[in-house]
Amino acid sequence: MNNTKISKLLEEIKKNRMVRINKIECIVGDDNGRRGFRIIKSVLNDLVEEGFTSNAIGQMVGKDRHVIHRWYKHYKIKPFEYTGFKPALLRVSFDKKMTDTRFGRYLKINNKFYRVYYVYPDELFCYVIGLILGDGHVDERKIYIVGGEPHKFLDATYPKIVKFGKYLGNRSVKAKYYDIEDNEVNRGDRDAKYWRIYIYWSALANTFRNKYVLKEVLNAIWSKSDLLNAFSAGLFDTDGYFTFKNKKPERIGIDQTVEKWWFPLFVNRLSKVYLVRMTRRARKYRIEHRKKVYSGVSTSNNLRVMMSSWSPFVDKVVLPYCTKPIHLERAPIFKEHSLRMKRRWHYI
């Protein structure tokens, strides 16, 4: 039975939730109780085998989980063995029938059980994943992206992230403002120095904390050129740059610390579409924060888009997907310069 028929059947059961199960069987079976019995048993059995708990199934049909357990006995179905509340994870699937951001199913991944949700990865999803990997901070229940003044990038990006939250099942998204001492203030406060966009959903947060699942997600979205470009735009909007030398376009690049294990994999995938090179460099740093001084040497991987790929990178990544105003402003300048310098591409 396909997912559409299952959904219709679950809605039929929910619509008649005040009716006893034997009566529902007659309704489902078009006045044939035996036929309805087989249909409902088949659907319940499929849901259990897919890892849905009695609580999740109860939510689908508007029944208490104890009622679902009575149904298990009625249909002689062995229920999913509940062994305690599990961490949530978000996975991606190109099968739209698998998309489910409401009811988590318990699945074993890398020898551990999780409550797993599925989402179909569109371009917006991939853009925000790039943003988060570029400049996101993750804990067990939320993610936040941080930025400073002016608020142009915030104002351009926030509506996209709100839409992203709705796409994931109406997840809460909030923008907050802070002073230099990390105290929350109002946006118009003269002490406001930076902002954060918060995304609240533990399943999304845990995906970034689980290397096995994150690698699975990245390989999936990098497998399609449009999704790869959208992801690249998100990463570029947070950690990418256009630089000038002597008032002439010099470099398009993205930097990431060497601890970002996924970045070399990304560069390798991007190199199949654009001419790029990755080098490693070390820089000294000195940061003053709350009257304390932090200094040392940071090592990063640097991706450089070669000039022969500036035009396609601008046309396929920056202009269609980026939201950072300065990137959208500089992109046409770099494209035009690269086309004028076409004869020298093999030197640059």
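This report concerns the structure included in the present document. (Residues numbered from 1 in each chain as written. Predicted model: local features only at pLDDT ≥ 70, side-chain atom pairs only at ≥ 80, totals over all residues. Heavy atoms only, no water.)

Regarding the sheet that holds strand β3 (residues 112-119)
One open sheet accounts for three strands, arranged β1-β3-β2; its pairing is mixed. The open sheet has two edge strands with one neighbour each: β1 (88-92) and β2 (100-109). Taking each pair of neighbouring strands and ignoring which way they run, the sheet shows an average axis angle of 40°. Looking at chain direction, β2 and β3 are connected through six bridges and run antiparallel. Paired with Arg-105 across the bridge in β3 is Val-116. Lying on the sheet, helix α8 (residues 202-209) is in contact with β1 and β3; it crosses β1 at an angle near 75°. (Pairing = 2+ DSSP bridges. Helix = DSSP H or I, 4+ residues; strand = E, 2+ residues; numbered from the N terminus. Axes fitted to C-alpha atoms, helices over the stretch in contact; angles between N-to-C directions. Contact = heavy atoms within 4.5 Å.)

Re the pattern of salt bridges
As enumerated under the stated definition, the model contains 10 salt bridges in all. The shortest N-O distance in the salt bridge between Asp-100 and Arg-105 comes to 3.8 Å. What makes Asp-100 buried here is its relative accessible area of 11%. Between Asp-315 and Lys-335 there is a salt bridge, with its nearest N and O atoms 3.0 Å apart. Remark: Lys-335 occurs in helix α13 (residues 325-340) and Asp-315 occurs in helix α12 (residues 310-321); sequence separation between them is 20 residues. Taking the relative accessible area as the measure of exposure, Asp-315 reaches 34% and is therefore partly exposed. When salt bridges with common partners are traced through the structure, they connect Glu-50, Asp-100 and Arg-105 into a single cluster. (Salt bridge = Lys/Arg side-chain N within 4 Å of Asp/Glu carboxyl O. Buried < 20%, exposed > 50% of the residue type's maximum accessible area, 1.4 Å probe, protein only.)

Focus on empty space enclosed by the protein
All told, the structure shown has one cavity of 30 Å³ or more when counted by the stated rule. Estimates place the volume of the largest cavity at around 50 Å³. Leu-90, Phe-125, Ile-129, Leu-204, Thr-207, Phe-208, Leu-214 and Val-217 are the residues that line the largest cavity. Listing elements by their share of the lining of the largest cavity, those giving two or more residues are α6 (123-135), α8 and α9 (211-221). Residue contributions to the lining of the largest cavity peak at three residues, all from α8. (1 Å grid on protein atoms, 1.4 Å probe; cavity = no way out; pocket = protein on both sides within 12 Å on 5 of 7 lines; lining within 4 Å. Points joined across faces, edges and corners; volume = space filled by probe spheres on them.)

Side note on unusual backbone geometry
Leaving glycine aside, a negative phi is the common case for residues, and trans is the common case for peptide bonds. For the peptide bond that leads from Glu-149 to Pro-150, omega is -5°, which places it in the cis range. Inspection of the secondary structure assignment puts Pro-150 in the loop between β5 (142-148) and α7 (152-167). The backbone of Asn-110 shows a phi angle near 55°, a positive value even though the residue is not glycine. A positive phi is found at Asn-246, a non-glycine position, where the angle reads about 55°. Looking at the secondary structure, you find Asn-246 in the loop between β9 (240-245) and β10 (248-257).

Quick look at the sheet that holds strand β8 (residues 194-200)
A sheet is described by the order of its strands in space; here five strands give the open sequence β4-β5-β8-β6-β7, paired in antiparallel fashion. Each having just a single partner strand, β4 (136-138) and β7 (184-185) make up the two edges of the open sheet. As judged from the three bridges shared by β4 and β5, these two strands associate in the antiparallel manner. Pairing of Gly-136 across the sheet is with Ile-145, part of β5. In the packing of α6 onto the sheet, contacts are made with β4, β5 and β8, and the angle to β5 comes to roughly 75°.

With respect to the environment of Val-318
On the secondary structure map, Val-318 appears in helix α12. Expressed as a C-alpha distance, the spacing of Val-318 and Leu-328, which sit 10 residues apart in the sequence, is 6.8 Å. Excluding its chain neighbours within four sequence positions, the residues that come into contact with Val-318 are Phe-236, Phe-242, Phe-313, His-327, Leu-328 and Ala-331.

Thoughts on the layout of surface pockets
In this structure, the largest pocket occupies an estimated 510 Å³ of space. In terms of lining residues, the largest pocket is bounded by 20 residues, among which Ser-7, Leu-10, Asp-100, Arg-102 and Phe-103 are the most central. Put simply, the parts of the chain that give the lining of the largest pocket at least two residues each are α1 (3-15), α4 (54-61) and β2. Counting residues per element, the lining of the largest pocket draws most heavily on α1, which supplies six residues. If you add up the space inside the second largest pocket, you get close to 380 Å³.

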